[in-house]
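# Observations on chain architecture
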Amino acid sequence: MSVLSTTIRATHLLTNAAWFGGSLMGAVALNPASREPDTGEERRRVADTGWNRWGPVQGAAIGLHLLSGLGIVADNRRRVRRHAPTTSAVVLKTATTGLALASSAAAWKVGETVGDTGASATERAQARRRIGWLQWATPVTTGALLVLDSYLGEQQRGTAGLLDRPLGTR
């Protein structure tokens, strides 16, 4: 295992953790906190401030996550091609990454409509209903990516795991 491979894997996991954690924090804390102020303008300002500060970090995390994912697939190309469980997991992980990207983009777009003072009251109300469930799509899909990364890591580990029986008792 090379330092480069370890660095790419670590980058992949850390950026997914940032993507997952930021979206979860938004759903659990920032979005509910933005409903606390008294006026619509204050509520929009709280949400906009928080998401505008987090947006560049999330964008960088997503970009680095995608690049490091390509690096991991390139590093493991033979295993991805020849080992059916790995191939299946990589295909599922790619599809899940696509869903996470789509949910992040949709949440960003719908969130803009919620805070858009030029949008009609009806448009903003529809956007608030959509964001109510959409805000959870990104933490769910990025959490699924973490589970798939664990599965792929277990495939590489071999048989000498913590819970495996000692060789002499088989």
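What comes next is a walk through the structure. (Residues numbered from 1 in each chain as written. Predicted model: local features only at pLDDT ≥ 70, side-chain atom pairs only at ≥ 80, totals over all residues. Heavy atoms only, no water.)

Next up on the list: the layout of surface pockets. Approximately 1,000 Å³ is the volume found for the largest pocket. Every residue lining the largest pocket is counted, 34 residues in all, and those nearest its centre are Asn31, Trp51, Ala107, Gly111 and Ile131. Secondary structure elements with two or more residues in the lining of the largest pocket: α1 (3-33), α2 (40-75), α4 (84-115) and α5 (121-134). A per-class count over the lining of the largest pocket returns 11 nonpolar, 16 polar and seven charged. Around the second largest pocket, the lining is made up of 22 residues, and of these His12, Gly69, Ile72, Val73 and Lys93 lie nearest the centre. Counting residues per element, the ones that place at least two in the lining of the second largest pocket are α1, α2, α3 (77-82), α4 and α6 (137-157). Counting residues per element, the lining of the second largest pocket draws most heavily on α2, at six residues. Looking at the lining of the second largest pocket residue by residue, the class counts come to eight nonpolar, 10 polar and four charged. (1 Å grid on protein atoms, 1.4 Å probe; cavity = no way out; pocket = protein on both sides within 12 Å on 5 of 7 lines; lining within 4 Å. Points joined across faces, edges and corners; volume = space filled by probe spheres on them. Helix = DSSP H or I, 4+ residues; strand = E, 2+ residues; numbered from the N terminus. Nonpolar A, V, L, I, M, F, W, Y, C, P; charged D, E, K, R; others polar.)

Between α4 and α5, whose axes approach to 8 Å, the crossing angle comes to 150°. Note on packing geometry: the crossing formed by α4 with α5 is left-handed. Judged by residue contacts, Ser103, Ala106, Ala107, Val110, Gly111, Thr113 and Val114 of α4 engage Glu123, Arg124, Ala127, Arg128, Arg130, Ile131 and Leu134 from α5. Partitioned by chemical class, the residues of the contact of α4 with α5 number seven nonpolar, three polar and four charged. (Axes fitted to C-alpha atoms, helices over the stretch in contact; angles between N-to-C directions. Left-handed = near helix turned anticlockwise from the far one by under 90°. Contact = heavy atoms within 4.5 Å.)

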